[in-house]
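Chain and residue survey
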Amino acid sequence: MILSTFKLELNISNYCVKNIVFINHFAGVPGINERSLRHFILSKNSISNGDKSTIITSQNHYQSLKKDYYSHNNTIDIDGINFIFIKERSYNKVNLLTKFFKMISFSKNLFFAFLFRKIKLDRVDIVYASSPDLFSSLVAYYIAKRKKAKFILEIRDIWPLSQIVIHKFSPKHPVILLMRSIELFLLKKSDHIISTLNNYKLFLDENNIKTEYTFVPQVVNN
């Protein structure tokens, strides 16, 4: 299944998309970090139908080839898409601990930037948050509620389950328990869940999550 237009993804629930905000800690940016242009491609499809699209991402996350490429909190037009870059704390080393702290830093700065209106978000119809960063997804949910917008949660990595399976964290570890509670909260509160994992519906059923769900593969075209 290849997604040809962004509205195909949302028409299942008959959403009327006019202004959509993507919040992805690790969103790809053309010419700067092109490892994950998924949401840029979805945005291009969206604006081709007359909608307005904004992508909020990190100013200097660890996947970026260039650091501090734009001033934080400013809105930059890149090929018709509004990008807002949020500053986060930098570390010389990249490991699980520094990634965790960077997630907290990005989410905290995003929250306060929105709270104190340092970033400009006018009318918002849909807030589309992408994992694995559950902390920023939680902030995205808050923004959606404040803007009275629909909240879409995209799951690309099952946190914290992947940390338990791959990195052998104990299910009773305090951080795992915290992330698990955030995960279940977001899944239950979402207006729609989208996942790049083709068997994710099994996970939802196991956890008695009744939210509408759609599988959309990781690779999309324009």
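Cut-offs and rules
Residues numbered from 1 in each chain as written. Predicted model: local features only at pLDDT ≥ 70, side-chain atom pairs only at ≥ 80, totals over all residues. Heavy atoms only, no water. Helix = DSSP H or I, 4+ residues; strand = E, 2+ residues; numbered from the N terminus. Contact = heavy atoms within 4.5 Å. Areas by Shrake-Rupley, 256 points an atom, 1.4 Å probe, with all protein chains shown as cover. Phe/Tyr/Trp six-rings, centres within 6.5 Å; stacked < 30°, edge-to-face > 60°. Buried < 20%, exposed > 50% of the residue type's maximum accessible area, 1.4 Å probe, protein only. pLDDT = per-residue confidence, 0-100. Pairing = 2+ DSSP bridges. Axes fitted to C-alpha atoms, helices over the stretch in contact; angles between N-to-C directions. Patch = residues over 30% accessible without salt bridge, like charges linked within 9 Å, V, L, I, M, F, W, Y side chains within 5 Å. Salt bridge = Lys/Arg side-chain N within 4 Å of Asp/Glu carboxyl O.

Considering the overall build of the protein
The helix and strand tally for the protein stands at 7 helices and 8 strands. A sequence separation of at least 24 residues applies to 66% of the contacts in the protein between residues at least 6 apart. Total accessible area on the protein stands at roughly 10900 Å², and carbon and sulfur atoms take up 54% of it.

Examining the packing of aromatic side chains
Evaluated as defined, the whole model comprises 13 aromatic pairs. Ring centres 5.9 Å apart and planes at 15 degrees place the aromatic pair Phe 83 and Phe 85 in the stacked group. A relative accessible area of 0% means that Phe 83 is categorised as buried. A relative accessible area of 0% means that Phe 85 is categorised as buried. Ring geometry for Tyr 141 versus Phe 151: centroids 5.5 Å apart, planes at 80 degrees, classification edge-to-face. Here the residue Tyr 141 occupies a position in helix α4 (residues 134-147), and Phe 151 occupies one in strand β6 (residues 150-155), the gap between them amounting to 10 residues. Phe 151 carries the same exposure label as Tyr 141, and that label is buried.

What to know about the confidence of the model for the protein
Looking at the protein as a whole, its pLDDT mean stands at 84, while 85% of the residues score no less than 70. Across the protein, the secondary-structure element scoring lowest on mean pLDDT is helix α1 (residues 6-10), at 46, and the one scoring highest is α4, at 97.

As for the sheet that holds strand β5 (residues 126-130)
Pairing is mixed in the open sheet, where 8 strands are placed in the order β3-β4-β2-β1-β5-β6-β7-β8. If you trace the sheet from one side to the other, it starts and ends with β3 (75-78) and β8 (213-215), each paired once. On average, each strand axis in the sheet is inclined to that of its neighbour by 25 degrees, with strand direction left out of account. Packing of helix α3 (residues 96-115) onto the sheet brings it into contact with β1 (19-23), β2 (52-58) and β4 (81-86), and relative to β4 it is tilted by some 115 degrees.

Re unusual backbone geometry
Omega for the peptide link from Ser 131 to Pro 132 comes to 15 degrees, which places this bond in the cis form. By the element assignment, Pro 132 lies in the loop between β5 and α4. Following Trp 159, the chain continues into Pro 160 via a peptide bond in cis, with omega recorded as 5 degrees. Residue Lys 168 is not a glycine yet carries a positive backbone phi of 60 degrees.

Quick notes on a nonpolar patch on the surface
On the surface, Leu 97, Phe 101 and Ile 104 cluster together to form a nonpolar patch covering roughly 260 Å² of accessible area. Structurally, Phe 101 is set in helix α3.

Structural notes on the environment of Leu 187
Within the secondary structure, Leu 187 sits in helix α6 (residues 174-189). With a relative accessible area of 0%, Leu 187 lands in the buried category. Note: C-alpha distance between Leu 187 and Thr 211 (24 residues apart in sequence) is 7.2 Å. Among residues more than four places away in sequence, those in contact with Leu 187 are Leu 153, Ile 155, Ile 193, Tyr 200, Phe 203, Leu 204, Ile 209 and Thr 211.

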